[in-house]
Amino acid sequence: MVSSNGDGSDSNLETGGSRRDTSNRRHQYFSGVDCVVLKIVLVFVVGGILVLALNQSAVSPAKFFQRSYSSCDINQLITPENLPSKAKEEKELEKILRKAVMKDSKTVIITTLNAAWTEPNSIFDLFLEGFRIGNGTQHLLNHVVVGTTDQKAHSHCLEKNLHCYALTTEGVDFSGEAFFMTESYLKLVWRKIDFQRTVLKIGYNFVFTDGDVMWLRDPFPRFYPDGDFQVACDQYKGNYKDLNNWPNTGFIYAKSNNQTIQFYNYWYSGRDYYPGKHDQDVFNFIKWHPFIKKIGVELLFLDTAYFGGFCAPSKDLDQVITMHANCCVGLKNKIHDLKMVIDDWKLYMSLPTGDQRNSKRSWTVPRTCG
């Protein structure tokens, strides 16, 4: 403790540090001697133990240490069972992403699935059918990773021979239908954002798609060459850089880099800063924040002429890439109108190429979702 004068000044500083306690100095000297003696004794004790061990081992010192090391194999120390649960999850996810990655070795398609969407002729069956009947989309199914939120969904995913990742949350049951803005709905949408964030951190680009998005053409040629983060819209204002566009986070293309990872961390933290709000609301709040400009992430918005939905259906079937059952509440309503989407598309695709271009056909939906 530093001693002070009555006026609060340091007395040692005032005297230049010349005043010393001689008895304390003698105590420090003898303490130093004791410490040296103790160190010497310890050296001899440790040395004696090593010599005794080497003599009893009847092997050379090199082999002795080699044998001692091999009995404690590093691979036995670091195993998936010994890793923290979050690290184990990421390790398992990385294995699945590696199997599903596209030829560029860095891009995957990801979605989520719960039990409510796995019933026969339900949303997920329509989702898979969209890939199969789409124009040049069949091969993309090989690159889809399905984050399953419950055991029934996971089993269903495996039955479909897809890349399946158990996206469970301890103490939370995501198996039932998550009605809009209920507590279970909010937990589910924020779990999806965390899933996307983890994929970016592992080092993969992704296209995230909700299960009620029909993939009718390959979207990659229509993504902008620039931009870290590209998102579909409920309402598109005509300028792909305009922050006034109203996004729909059910369809996202994101590149793995420092900017997007920081953006996702910031976005995900919004669940605490804006309690009771879902991911899309929070996105609309934070897209204007100076932090977005500071980290240098570029947010771009996809044209509804190509990436349409029930909010703003694309008018020209010659151009449509995806069709999303947005602006629609209720599982039965979504299923009804998505079946109509598939029927419209099948009829369009059945026409000869020349007739397709001249038909000027459009959608008969939304109907029950309207």
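Residues numbered from 1 in each chain as written. Predicted model: local features only at pLDDT ≥ 70, side-chain atom pairs only at ≥ 80, totals over all residues. Heavy atoms only, no water.

## What about the overall build of the chain?
- A tally of helices and strands in the chain yields 13 helices and 10 strands.
- Here the chain, with 370 residues, has 43% of them falling under the buried criterion.
- Sequence-distant contacts in the chain: of pairs separated by 6 or more residues, those separated by 24 or more amount to 68%.
- When the accessible surface of the chain is summed, it comes to about 20,300 Å², and 54% of that surface belongs to carbon and sulfur atoms. (Helix = DSSP H or I, 4+ residues; strand = E, 2+ residues; numbered from the N terminus. Buried < 20%, exposed > 50% of the residue type's maximum accessible area, 1.4 Å probe, protein only. Contact = heavy atoms within 4.5 Å. Areas by Shrake-Rupley, 256 points an atom, 1.4 Å probe, with all protein chains shown as cover.)

## Focus: unusual backbone geometry
- Cis rather than trans, the peptide bond between Val 365 and Pro 366 has omega equal to 5°.
- Along the chain, the position of Pro 366 falls in the segment after helix H13 (353–359).
- Residues other than glycine seldom take positive phi values, yet Asn 121 does so here, at roughly 60°.
- For Asn 121, a relative accessible area of 53% translates into the label exposed.
- Phi at Asn 161 takes a positive value of approximately 60°, unusual for a residue other than glycine.
- Note on placement: Asn 161 falls in the loop between helix H7 (151–159) and strand S3 (163–166).
- Residue class for Asn 161 comes out exposed when judged on its relative accessible area of 71%.

## Observations concerning the sheet that holds strand S10 (residues 322–324)
- One open sheet accounts for 3 strands, arranged S5-S10-S9; its pairing is mixed. Looking at the sheet topology across the chains shown, the edges are occupied by strand S5 (213–215) and strand S9 (307–309). Neighbour to neighbour, the strand axes of the sheet diverge by 20° on average, direction disregarded.
- Where S5 meets S10, 3 bridges bridge the pair, whose relative direction is antiparallel. (Pairing = 2+ DSSP bridges. Axes fitted to C-alpha atoms, helices over the stretch in contact; angles between N-to-C directions.)

## Description of empty space enclosed by the protein
- This model, assessed by the stated rule, comprises 2 cavities of 30 Å³ or more.
- Estimated volume of the largest cavity: approximately 70 Å³.
- Lining the largest cavity are Lys 86, Glu 89, Glu 90, Leu 93, Tyr 165, Leu 167, Arg 191, Asp 194, Phe 195 and Thr 198.
- Split into classes, the residues belonging to the lining of the largest cavity amount to 4 nonpolar, 1 polar and 5 charged.
- Reported here for the second largest cavity is a volume of approximately 50 Å³.
- If you go around the second largest cavity, the residues you meet are Val 213, Ala 232, Cys 233, Asn 248, Phe 251, Phe 307, Gly 308, Thr 322, His 324 and Asn 326.
- Those elements that provide at least two residues to the lining of the second largest cavity are strand S6 (229–235), strand S7 (246–254), S9 and S10.
- Class assignment of the residues belonging to the lining of the second largest cavity gives a composition of 5 nonpolar, 5 polar and no charged. (1 Å grid on protein atoms, 1.4 Å probe; cavity = no way out; pocket = protein on both sides within 12 Å on 5 of 7 lines; lining within 4 Å. Points joined across faces, edges and corners; volume = space filled by probe spheres on them. Nonpolar A, V, L, I, M, F, W, Y, C, P; charged D, E, K, R; others polar.)

## Regarding the environment of Thr 148
- Mapped onto the fold, Thr 148 is located in strand S2 (residues 144–148).
- As a C-alpha pair, Thr 148 and Thr 111 span 37 residues in sequence and 8.6 Å in three-dimensional space.
- A polar atom in the side chain of Thr 148 sits 2.7 Å from the side chain of His 154. (Polar contact = N/O pair within 3.5 Å; in protein donor to acceptor, adjacent residues only side chain to side chain.)

## Notes on a nonpolar patch on the surface
- A contiguous nonpolar surface patch, about 340 Å² in accessible area, is contributed by Tyr 273, Tyr 274 and Phe 285.
- As for its position among the elements, Tyr 274 is in the loop between helix H9 (258–273) and helix H10 (279–286). (Patch = residues over 30% accessible without salt bridge, like charges linked within 9 Å, V, L, I, M, F, W, Y side chains within 5 Å. Salt bridge = Lys/Arg side-chain N within 4 Å of Asp/Glu carboxyl O.)

## A few points about the side chain of Gln 196
- Here Gln 196 lies in helix H8 (residues 183–202).
- A relative accessible area of 1% places Gln 196 in the buried class.
- Every residue in contact with Gln 196, bar those within four places of it in the chain, is listed here: Ile 110, Phe 206, Phe 208, Ile 252 and Tyr 264.

## Digging into the packing of helix H6 (residues 123–133) against helix H12 (residues 331–350)
- The contact between H6 and H12 brings their axes to 10 Å, and the two run at 15°. Taken together, H6 and H12 sit at an angle that is classed as roughly parallel. As H6 runs across H12, the sense of the crossing is left-handed. For the pair formed by H6 and H12, the contact residues are Ile 123, Leu 126, Glu 129 and Ile 133 on the first element and Leu 331, Lys 334, Ile 335, Leu 338, Lys 339, Ile 342, Trp 345 and Lys 346 on the second.
- Residues of the contact of H6 with H12, tallied by class, amount to 8 nonpolar, no polar and 4 charged. (Parallel < 35°, antiparallel > 145°, perpendicular 65-115°, else oblique. Left-handed = near helix turned anticlockwise from the far one by under 90°.)

## A short note on the sheet that holds strand S8 (residues 299–301)
- Taken in spatial order, the 7 strands line up as S3-S2-S1-S4-S7-S6-S8 in an open sheet, and their pairing is mixed. Either end of the sheet is taken by a strand with one partner, and the two such strands are S3 and S8. Here the average twist between neighbouring strands, direction ignored, is 35°.
- Bridge count for S6 against S7 is 6 bridges, and the pairing is antiparallel. Paired with Ala 232 across the strands is Asn 248, a residue of S7.
- H7 contacts strand S1 (107–113), S2 and S3 of the sheet and is inclined by roughly 165° relative to S3.

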